[in-house]
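Inside the fold
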Amino acid sequence: MPQTPAQPDIAELSALIEAHLHLEGPLLPILHALQAAHGHIPEAALPLIASALNITRAELHGVISFYHDFRTAPAGRHVLKICRAEACQSMGATGIAEATLKKLGLDWHGTTTNGAVTVEPVYCLGLCACAPAAMLDDRVVGRVDAAKLDTLLAEAGA
Amino acid sequence: MKIRVPMDSAAKALGADAVADALRTASEAAGIDVEIIRTGSRGMIWLEPLVEVEIDGIRHGYGPATPADAAAILAGDSNTALGPVEELDWMKRQTRLTFARVGVIDPLNLDEYAAHGGLSGLRRALGMSAEAIVDEVKTSGLRGRGGAGFPTGIKWDTVRLAEAPQKYIVCNADEGDSGTFADRMIMEGDPFTLIEGMVIAGLGTGATKGYVYIRSEYPDAIAVMGRAVETARAAGLLGDVLGSGRIFDLEIRVGAGAYVCGEETSLLNSLEGKRGVVRAKPPLPALEGLFGRPTVVNNVLSLATVPVIFEKGAAHYAGFGLGRSKGTMPIQIAGNVARGGLFETAFGMPLGELVNEIAGGTATGRPVKAVQVGGPLGAYFAPARFDTPFGYEEFDGQGGLIGHAGIVVFDDRADMLGMARFAMEFCAVESCGKCTPCRIGAVRGVETLDRIRHGDASAIPLLTDLCATMKDGSLCALGGFTPYPVLSALEQFPDEFAVPRVAAE
């Protein structure tokens, strides 16, 4: 669950990075591990990664900014992903997503003012035969309607 | 009493975990001795959660089940009763080769896997030369199930003949196409078949290391595959392969939300820890792939089909299908359908039969307006083209593609100009940015469709011209195939383009 972290400990960050250096192509596993531990990629980790992998800060920035998953700032305590792809659209996902965002007063990628939930678009969760689909953190939900989304948001404290 | 409840994420998304819990509680309350086994899904998603109760070796289905049905299911008098699962029309009409075990076995039980034919293909391959292994795949007629349809055996042969100190097998499990979920179902429902297929690919090509690149949107598949790899390693399926002295091991890697990483060269860059930008071809990944080494990049379904080809023989597999589309295809029926799910059948079934008979038309009961086949880069098919048989060449001949064999059904309320605009918008969001036709073209495409939306008919030739540029000038299928949904919508639904929408706005 992503949360606002305390100032990360440099030794701890280094240890996390070093734990992946035996892998071939370790950068994505490192970034995933950092984000799993801290909810985002901490600024303090960047020079450590660049140095450990012998790449420039610019290259590292290029990778982090390329992928939709990686964050450089904390998200809400929960992340709600609503599928926007075609199969979900065929079952009315667009209207459901718009209504939810409007109710929360958010745009895509926005976080509720109490910091509980970030709402993000996702393009397919592989739940296309029980569309529309959504995912709260790692929990998948099918045949989503306004009522189901309300329940999920209430659970998440939005 | 043995009861099976799927742990497939579609079943979980519809409440399978709560049903399993309720069955456990109800059985304790009733004092019945029950073993609850979690399986993959049979693929009848409209019946999920589908509970199967085994009586005298026959599995009786109950679905869609809710926790409130638990007691009645245990008592055998639930009104969700469907009868023997294997006798259901959906099951009987299929030819399940790749998906033979999915929904049947406990996905993480290697003994049960072996008892249902697993590992016999690998044992046979271990007695064959690399050349004979590759020949077997060639003879089977297996073509890339990711969408491109390139003959798998020929790709393997290129890697086999390449000389290098290290070769790789990379499984593309970045299944990002809307309307597709077969890779996810295999990984969650029968992960060992994918592992076995990768080991055989290693034996055939001389590769000793494999990677499965799974999209991050599939947390359940990642978890199941991770546990399956650990089990396989502990059991000697990975490492020193079944004690043969031949080495093959693999690792699971997780994507990071980039659709374009489903393109093979972009995926390789991502595995290497780079931005997932597309590489120009040549060089082919088969010669210069991961870290510049000869690499087989195959889709999950291609690799997961290899074990059954070796178990039953290439000729058996090639005996199914139509023309150059040999074997079976796990077709994923999705979107606005009465009966959605996975339906594996020999190539050749007409699209209309899939939509109207197998899927039972729309979920909303309204007329079908269009079907998008092959994901967000696939063409829309209006009912006038429903006689197209499901095959690579047959769809190509109709200006479409089968892609990863997902079909998404829309009812008569679909806004086709809106869908065309979405295709361009999606391409703009997901473009890797390397080539101009895709990076800029997608943005211009959205703008041009907005002009058309506002009644500017002069923008239509501009759109077709832009699509021609994207088709011919893009480096990969993202920019190159985005015109398919756009142009197919324009061609088949011209009335929806460039009509001033005063009343509708």
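Residues numbered from 1 in each chain as written. Chains lettered and ligands numbered in written order. Predicted model: local features only at pLDDT ≥ 70, side-chain atom pairs only at ≥ 80, totals over all residues. Heavy atoms only, no water.

1. A closer look at the domain arrangement of chain A
What the domain assignment reports for chain A is domain 1 (10–66) and domain 2 (78–155). On a C-alpha basis, the centroid separation for the pair domain 1 of chain A and domain 2 of chain A is 30 Å. (Domains from an automatic or database assignment.)

2. Description of the interface of chain B and chain A
At the interface, 62 residues of chain B touch 37 residues of chain A. Of the roughly 3,700 Å² buried between chain B and chain A, counting both surfaces, carbon and sulfur atoms make up 59%. When residues of chain B are sorted by the area they lose upon contact with chain A, Ala 256, Arg 275 and Phe 422 of chain B head the list and together hold 16% of the total. Linking chain B with chain A are 1 salt bridge, by the criterion used here. Across the pair Arg 84 of chain A and Glu 425 of chain B runs a salt bridge whose closest N-O atoms are separated by 3.3 Å. Where chain B touches chain A, the interface holds 25 residue pairs in polar contact (both at pLDDT 80 or more). Contributions of two or more residues to the side of chain B that touches chain A are made by helix 1 (9–13), strand 7 (209–214), helix 11 (219–234), strand 9 (247–254), helix 12 (264–271), strand 13 (328–335), strand 17 (406–411) and helix 17 (416–430) of chain B. (Contact = heavy atoms within 4.5 Å. Buried area = accessible area lost by both parts, 1.4 Å probe. Salt bridge = Lys/Arg side-chain N within 4 Å of Asp/Glu carboxyl O. Polar contact = N/O pair within 3.5 Å; in protein donor to acceptor, adjacent residues only side chain to side chain. Helix = DSSP H or I, 4+ residues; strand = E, 2+ residues; numbered from the N terminus.)

3. Brief notes about the pairing of strand 1 (residues 78–83) of chain A
Residues and elements named next belong to chain A. Burial runs high along strand 1: 6 of the 6 residues are buried. Taking every second residue as pointing to the same face, both faces of strand 1 are buried, with His 78, Leu 80 and Ile 82 on one and Val 79, Lys 81 and Cys 83 on the other. Across 6 bridges, the pairing between strand 1 and strand 2 (residues 117–122) is parallel. Note on strand 2: the bridge partner recorded for Leu 80 is Val 119. Bridging between strand 1 and strand 3 (residues 134–136) involves 3 bridges; their strand directions are antiparallel. Counted as the bridge partner of Leu 80 is Leu 136 from strand 3. (Buried < 20%, exposed > 50% of the residue type's maximum accessible area, 1.4 Å probe, protein only. Pairing = 2+ DSSP bridges.)

4. Thoughts on the packing of helix 19 (residues 459–473) of chain B against helix 21 (residues 483–492) of chain B
Residues and elements named next belong to chain B. Axis separation between helix 19 and helix 21 bottoms out at 10 Å; the angle between their running directions is 150°. If you check the angle between helix 19 and helix 21, you find them roughly antiparallel. Note on packing geometry: the crossing formed by helix 19 with helix 21 is left-handed. Along its contact with helix 19, which presents Ile 460, Leu 463, Thr 464, Cys 467, Met 470 and Lys 471, the element helix 21 presents Pro 483, Tyr 484, Val 486, Leu 487 and Leu 490. Of the residues assigned to the contact of helix 19 with helix 21, the class counts are 9 nonpolar, 1 polar and 1 charged. (Axes fitted to C-alpha atoms, helices over the stretch in contact; angles between N-to-C directions. Parallel < 35°, antiparallel > 145°, perpendicular 65-115°, else oblique. Left-handed = near helix turned anticlockwise from the far one by under 90°. Nonpolar A, V, L, I, M, F, W, Y, C, P; charged D, E, K, R; others polar.)

5. Topic: unusual backbone geometry
Of the consecutive residues Gly 63 of chain B and Pro 64 of chain B, the connecting peptide bond is found in the cis state with omega at -10°. Positionally, Pro 64 of chain B belongs in the loop between strand 4 (58–62) and helix 3 (70–75). Residue Pro 282 of chain B follows Lys 281 of chain B across a cis peptide bond; omega there is 0°. Positionally, Pro 282 of chain B belongs in the loop between helix 12 and strand 10 (295–299). A positive phi angle is found at His 109 of chain A, which is not glycine, with a value near 75°. Within the secondary structure layout, His 109 of chain A lies in the loop between helix 6 (93–104) and strand 2.

6. Looking at the sheet that holds strand 1 (residues 2–6) of chain B
Residue and element names in this part refer to chain B. The strand order across the open sheet built from 5 strands is 2-1-3-4-5, with neighbouring strands paired in mixed fashion. This sheet does not close on itself; its edge strands, each paired only once, are strand 2 (35–39) and strand 5 (81–84). Between one strand axis and the next, the sheet turns by 25° as a mean value, whatever way the strands run. Bridge count for strand 1 against strand 3 (residues 51–55) is 3 bridges, and the pairing is antiparallel. Along strand 3, the bridge assignment pairs Ile 3 with Val 53. Sitting on the sheet, helix 2 (residues 16–30) is in contact with strand 1, strand 2 and strand 3, with an inclination near 170° to strand 2.

7. A word on empty space enclosed by the protein
All names here are of chain B. Across all of its chains, the model carries 1 cavity of 30 Å³ or more by this definition. In this structure, the largest cavity occupies an estimated 50 Å³ of space. Surrounding the largest cavity, Val 260, Val 278, Ser 431, Cys 432, Lys 434, Cys 435, Cys 438, Leu 475, Cys 476 and Leu 478 form its lining. Tallied by class, the residues present in the lining of the largest cavity amount to 8 nonpolar, 1 polar and 1 charged. (1 Å grid on protein atoms, 1.4 Å probe; cavity = no way out; pocket = protein on both sides within 12 Å on 5 of 7 lines; lining within 4 Å. Points joined across faces, edges and corners; volume = space filled by probe spheres on them.)

8. Here we look at the nonpolar core
One finds Tyr 67 of chain A together with Trp 156 and Ile 195 of chain B to be the most contacted residues of the largest nonpolar core, which totals 156 residues. Top element by residues in this core is helix 17 of chain B. It accounts for 9 residues. Non-local contacts of Trp 156 of chain B, meaning those with residues more than four positions away in its chain, are made with Ile 133, Val 134, Val 137, Ile 200, Ala 201, Thr 205, Val 296, Asn 298, Leu 303 and Val 306 of chain B. In this structure, Met 329, Met 349, Phe 390 and Phe 395 of chain B belong to the second largest nonpolar core, which totals 34 residues. (Core = buried A, V, L, I, M, F, W, Y, C linked by side-chain atoms within 4.5 Å.)

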